[in-house]
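# What the coordinates show
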Amino acid sequence: MSRINVMQPWLGEEEIAAVSEVIRSGWVAQGPRVRAFEEAFASHQQAEHGVAVSSCTTALHLALVVAGVGPGDDVVVPSFSFIATTNAVRYVGATPVFADVDGVNGNLTAATVEPALTPRTRAVIAVDQGGMPLDLEPLRALCDPLGVVVVEDAACAAGSTHRGRPVGAGAEIAAWSFHPRKILTTGEGGMLTTSHAEWAGRARRLREHAMDISAADRHGQVLAPAESYVEVGFNYRMTDMQAAVGLVQLQRLDEAVRRRRELAARYGEALATVEGLRTVADPPHGTSNFQSYWVEVGDAYPLDRDGLLARLAAADISARRGIMAAHRQPPYRDLVEPGALPVTEHLTDTTLILPLFHQLAESDQDRVIDVLTRP
Ligand SMILES: *Cc1c(COP(=O)(O)O)cnc(C)c1O
């Protein structure tokens, strides 16, 4: 019996060949492959502009900067998310205001965001949690008239759809992750997509020390023009080696989503009749890539969440506690009254993430199902 991991990236010989080619070319830093990857990714998600960066965390930081968020502003975020969502707010000196989430799919909704809005709210960061598409339209209908920018944290959501279009297509600005825990990976990496040409242009400069001419363009000339640094920028660049991997991964994405949805449907069917277990499923407004497949362990189940995790571990199956709650971590503990985020706390305490990845054999998935359905 061998260990079943919760996640494994899907990489192959094509990625190895693509990286080798970049190394042989002699240009490994941000260059032509980064540009090609930005264009291909933005086009896949039907977004107008793509700016590749070093991670989703840095994409979120730049998204808030170009949206004009700064000290004195409030930004509404879900506590029910990886902590980078909240940290980005602090990077620009603004104050995170936690909103609760929908109890079924774990995402912010217009109804959960509205009570968190203040006269100082400049932005909302709404997450497609675990790849589950959030319902963007009602949220923008609430926020747009107030001049509140909705930043979509689509870290997990490449390949998910919303109202018949790719996630991100309807966003003013969205941030993506290519960490190996996500469905499309470049090792580390991220992307910012936006419908605003000026925001894209500023983000493109800011990721590269706010230089008015890119290093790649300067190197293209024997006598490089003098550059100027138009504001305080950052080094948030992606490398051409990463982008080359991303271009191959993007070609795999539709097949990766198809296989994950097939495995998710197998879990859904096998677990539908287990009393006390609720499985994650597509919302009415879209389709998930099932980047994370989670179950909620209810009172009717014979074990609690941690008991079930232990039983899986004893069978050499690596599951994970569900999505964290940022407001329980030391930097943010003082921001909310106890009990203010009941749905977040309930989901954080009762959910667990099951193994789901492209290469997962059905026989291995059946081993997981056996443990879950054991009386
Ligand atoms: C993974 C993740 C991030 C961070 O992505 P990195 O690329 O590792 O910086 C941010 N937000 C959410 C919702 C995530 O799942």
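Above this text you will find the structure in question.
Notes on the structure in this doc start here. Only a predicted model underlies this, so the values are computations on that prediction, with no experimental measurement involved. (Residues numbered from 1 in each chain as written. Predicted model: local features only at pLDDT ≥ 70, side-chain atom pairs only at ≥ 80, totals over all residues. Heavy atoms only, no water.)

### Brief notes about the overall build of the protein
The test is simple: Secondary structure follows DSSP: runs of H or I at least 4 residues long count as helices, runs of E at least 2 residues long count as strands, and numbering of each begins at the N terminus. It is over C-alpha atoms that the radius of gyration is taken, and the globule rule equals 2.2 Å times the number of residues to the power 0.38. Here's how the labels work: a residue is buried when its accessible area is under 20% of the maximum for its type, exposed when over 50%, partly exposed in between, all with a 1.4 Å probe on protein chains only. Any two residues whose heavy atoms approach within 4.5 Å at even a single point are treated as in contact. For the charge count, each Lys or Arg is scored as positive and each Asp or Glu as negative, with His and the chain ends excluded. For charged residues, the charge sits on one atom: NZ in Lys, CZ in Arg, CG in Asp, CD in Glu.
Along the protein, the regular secondary structure elements total 12 helices and 14 strands. Its C-alpha radius of gyration of 21 Å places the protein within 12% of the 21 Å reference for a compact globule of 375 residues. Projected onto its principal axes, the C-alpha positions of the protein cover 75 × 55 × 40 Å. Sorting the 375 residues of the protein into buried and exposed places 54% on the buried side. Across the protein, every contact between residues at least 6 apart in sequence was considered, and the portion connecting residues at least 24 apart equals 73%. Across the protein, the mean location of the 33 positive side-chain charges is 4 Å away from that of the 46 negative side-chain charges.

### Here's the deal with the state of the cysteines
For the record, the criterion: A pair of cysteine sulfur atoms is labelled a disulfide when the two atoms are within 2.5 Å.
What the rule picks out here adds up to zero disulfides. The structure places no disulfide on cysteine 56, whose sulfur is separated from the nearest cysteine sulfur, that of cysteine 156, by 8.0 Å. When its relative accessible area of 7% is taken as the criterion, cysteine 56 is described as buried.

### Concerning the site of the ligand
Our working rule: Any residue with a non-hydrogen atom lying within 4 Å of a molecule or strand is treated as near it. Whenever two N or O atoms come within 3.5 Å, that pair is a polar contact, provided that in protein one can donate a hydrogen and the other can accept it, and provided that, for residues adjacent in sequence, both atoms are side-chain atoms. Exposure was quantified through the Shrake-Rupley algorithm and a 1.4 Å probe, taking into account, for residues, occlusion by the shown protein chains and nothing else.
Contacts to the ligand come from 15 residues, most closely from Cys56, Thr57, Asp153, Ser177 and Lys182. Contact between the ligand and lysine 182: an oxygen atom at 2.6 Å from a side-chain N or O atom of the residue. Compared with its free state, where it exposes 380 Å², the ligand has 91% of that area covered by protein. Of all the secondary structure elements, the ones that give two or more residues to the shell around the ligand are helix H3 (56-66) and helix H4 (84-91).

### Structural notes on the pairing of strand E9 (residues 190-194)
Remark: a regular strand shows side chains that alternate across the two faces of the sheet. Our working rule: Two strands qualify as a pair provided DSSP detects at least 2 bridges between them.
Burial analysis of E9 places five of its five residues in the buried class, which makes it a mostly covered element. Here E9 shows two buried faces, one formed by Gly190, Leu192 and Thr194 and the other by Met191 and Thr193. With five bridges joining them, strand E1 (residues 49-53) and E9 adopt antiparallel strand pairing. Within the sheet, the bridge partner assigned to alanine 52 lies in E9 and is methionine 191. As defined by bridge partners, strand E8 (residues 173-177) adjoins E9 across five bridges and the pair is classed as antiparallel. Bridging across to E9, isoleucine 173 finds its partner in threonine 194.

### As for the sheet that holds strand E10 (residues 277-279)
The four strands are arranged E10-E12-E14-E13 in an open sheet whose pairing can be described as antiparallel. Bordering the open sheet on either side are E10 and strand E13 (320-321), each of which pairs with just one other strand. Pairing geometry for strand E12 (residues 293-297) and strand E14 (residues 351-354), over four bridges, is antiparallel. Along E14, the bridge assignment pairs glutamate 296 with threonine 351.

### Digging into the environment of aspartate 153
By secondary structure assignment, the location of aspartate 153 is in strand E5 (residues 149-153). The class for aspartate 153 is buried, based on a relative accessible area of 4%. Considering only alpha carbons, one finds aspartate 153 and aspartate 306, 153 residues apart in sequence, at a separation of 28 Å. Other than its neighbours up to four places away in sequence, aspartate 153 contacts Cys56, Leu60, Thr85, Ile125, Ala126, Val127, Asp128 and Ala175. Within the structure, the side chain of aspartate 153 is placed 3.1 Å from the backbone nitrogen of alanine 155, a separation counted as a polar contact.

### Focus on the sheet that holds strand E7 (residues 165-166)
Within the open sheet, the three strands sit side by side as E7-E6-E11. Their pairing is antiparallel. Since the sheet does not close on itself, it has two edges, and those belong to E7 and strand E11 (286-287), each with one partner. Note: strand E6 (residues 161-162) against E7, two bridges, orientation antiparallel. Across the sheet, residue histidine 162 finds its bridge partner in E7, namely arginine 165.

### Concerning unusual backbone geometry
For glutamine 46, which is not glycine, the phi dihedral falls at a positive 55°. By the secondary structure assignment, glutamine 46 is in the loop between helix H2 (32-44) and E1. Despite not being glycine, histidine 209 has its phi angle at roughly 60°, a positive value. Of note, histidine 209 is situated in the loop between helix H7 (197-206) and helix H8 (215-219).

### Details of the pattern of salt bridges
Opposite charge on two side chains makes pairing possible when the charged atoms of those side chains draw close. Here is the rule: When a carboxyl oxygen of Asp or Glu is within 4 Å of a side-chain nitrogen of Lys or Arg, the pair counts as a salt bridge.
Inspection of the entire model under this criterion finds 29 salt bridges. The salt bridge partner of arginine 140 is glutamate 172, with a shortest N-O separation of 3.9 Å. Note that arginine 140 is positioned in helix H6 (residues 136-143) and glutamate 172 in the loop between E7 and E8, a separation of 32 residues in sequence. Linking glutamate 262 and arginine 259 is a salt bridge whose minimum nitrogen-to-oxygen distance equals 2.5 Å. Here glutamate 262 and its partner arginine 259 are both found in helix H9 (residues 240-271), three residues apart, which amounts to about one turn of the helix.

### Things to note about helix H10 (residues 305-314)
Defined as follows: The arc in question is formed by the directions pointing from the helix axis toward the C-beta atoms.
For H10, the complete set of buried residues consists of Arg305, Leu308, Leu309, Arg311 and Leu312. Projected down its long axis, H10 shows its buried positions confined to an angular sector of 160°, all on one face. On its buried face, H10 is in contact with E10, E12, E13, helix H11 (342-350), E14 and helix H12 (362-373). Two residues or fewer past H10, aspartate 316 is found with a positive phi of approximately 60°.

These values are about where atoms sit, not about what they do.
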